[in-house]
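# A closer look at the structure
Now for the letters of each chain:
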Amino acid sequence: MDILDATVADAAEIIELQKLAFLSEALIYDDYAIPPLTQTVDDLLPDFERTTILKAVSGGKIIGSVKGCMKEGICLIGRLMVHPDFRRQGIGARLMGAIEARFDTTQAWELFTGELSLGNMRLYERLGYVVTRTESFDGSSFAVVIMSKARQQ
């Protein structure tokens, strides 16, 4: 498996990976009330200008992706996705390490995970992230957990 920079040519495959991973998580948590992923390729294209998107590739197929960008001295990490058939193989940890390394001059990293991603919390905690705050949305049980990691001295 290789971790490489994603390009605009990868947009459609990344969208399909996100949908597959999102649906798989709904099945794991037996919760189909989650909103469907409606992002299109056209929606994703501007991300290639504003963010760094890394992909994990095996056998010519994208099996994972993550994106990151700098904002006010903090690297914001999002959309960590791993193909359901490749879970528990360390791909998520390698993608997180690679995106952190890409922004190695930052003082802190921050990521957002929905409450349906509680299974991933152990991974993030092993990588040194801690919950710093949670946010709930009006009229919804959906919450966002914000986790942060300080730069190791």
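Rules used in this analysis
Residues numbered from 1 in each chain as written. Predicted model: local features only at pLDDT ≥ 70, side-chain atom pairs only at ≥ 80, totals over all residues. Heavy atoms only, no water. Core = buried A, V, L, I, M, F, W, Y, C linked by side-chain atoms within 4.5 Å. Buried < 20%, exposed > 50% of the residue type's maximum accessible area, 1.4 Å probe, protein only. Helix = DSSP H or I, 4+ residues; strand = E, 2+ residues; numbered from the N terminus. Contact = heavy atoms within 4.5 Å. Pairing = 2+ DSSP bridges. Disulfide = S-S within 2.5 Å. Polar contact = N/O pair within 3.5 Å; in protein donor to acceptor, adjacent residues only side chain to side chain. Phe/Tyr/Trp six-rings, centres within 6.5 Å; stacked < 30°, edge-to-face > 60°.

### Considerations on the nonpolar core
Grouped together as the largest cluster of nonpolar side chains are 21 residues, with contacts concentrated most on Ile77, Tyr124 and Tyr129. Looking at this core, the elements that each hand over two or more residues are strand 2 (52-58), strand 3 (61-71), strand 4 (74-82), helix 4 (91-102), strand 5 (108-114), helix 5 (118-126) and strand 7 (143-150). Leave out the neighbours within four places in its chain, and Tyr129 touches Ile77, Met96, Glu100, Trp109, Leu111, Tyr124, Met147, Ser148 and Lys149. Grouped together as the second largest cluster of nonpolar side chains are 12 residues, Ala6, Ile14, Ile15 and Met81 included.

### Section: the pairing of strand 2
With 6 of 7 residues buried, strand 2 is to be regarded as a mostly interior element. Of the strand pairs in this sheet, strand 1 (residues 2-5) and strand 2 are connected by 4 bridges, and their pairing is antiparallel. Within the sheet, the bridge partner assigned to Asp2 lies in strand 2 and is Val57. Counted along the chain from strand 2 to the antiparallel partner strand 3, the turn is 2 residues long, and its residue Gly59 has a positive phi close to 60°.

### Notes on unusual backbone geometry
At Arg79, a residue that is not glycine, the phi angle is positive and equals roughly 55°. The residue Arg79 is located in strand 4 in this model. Judged by its relative accessible area of 29%, Arg79 falls in the partly exposed class. In the Ramachandran plot, Arg88 falls in the positive-phi region, its phi being about 60° despite a non-glycine side chain. Tracing the sequence through the fold places Arg88 in the loop between strand 4 and helix 4.

### Considerations on the state of the cysteines
Counted by the stated rule, this structure contains 0 disulfides. The thiol of Cys69 is unpaired, and the distance to the nearest cysteine sulfur, on Cys75, comes to 6.9 Å. According to the relative accessible area criterion, Cys75 is buried, its value standing at 0%.

### Digging into the side chain of Ser148
Among the structural elements, Ser148 can be located in strand 7. A polar contact is formed between the side chain of Ser148 and the side chain of Glu110, at a distance of 3.4 Å. A polar side-chain atom of Ser148 sits 3.5 Å from a polar atom in the side chain of Thr132. Not counting residues up to four positions away in its chain, the partners in contact with Ser148 are Trp109, Glu110, Gly128, Tyr129, Val130 and Thr132.

### A few points about the packing of aromatic side chains
Throughout the structure, instances matching the rule amount to 1 aromatic pair. Ring geometry for Tyr124 against Tyr129: centres 6.5 Å apart, planes inclined by 70°, an arrangement best described as edge-to-face. Tyr129 carries the same exposure label as Tyr124, and that label is buried.

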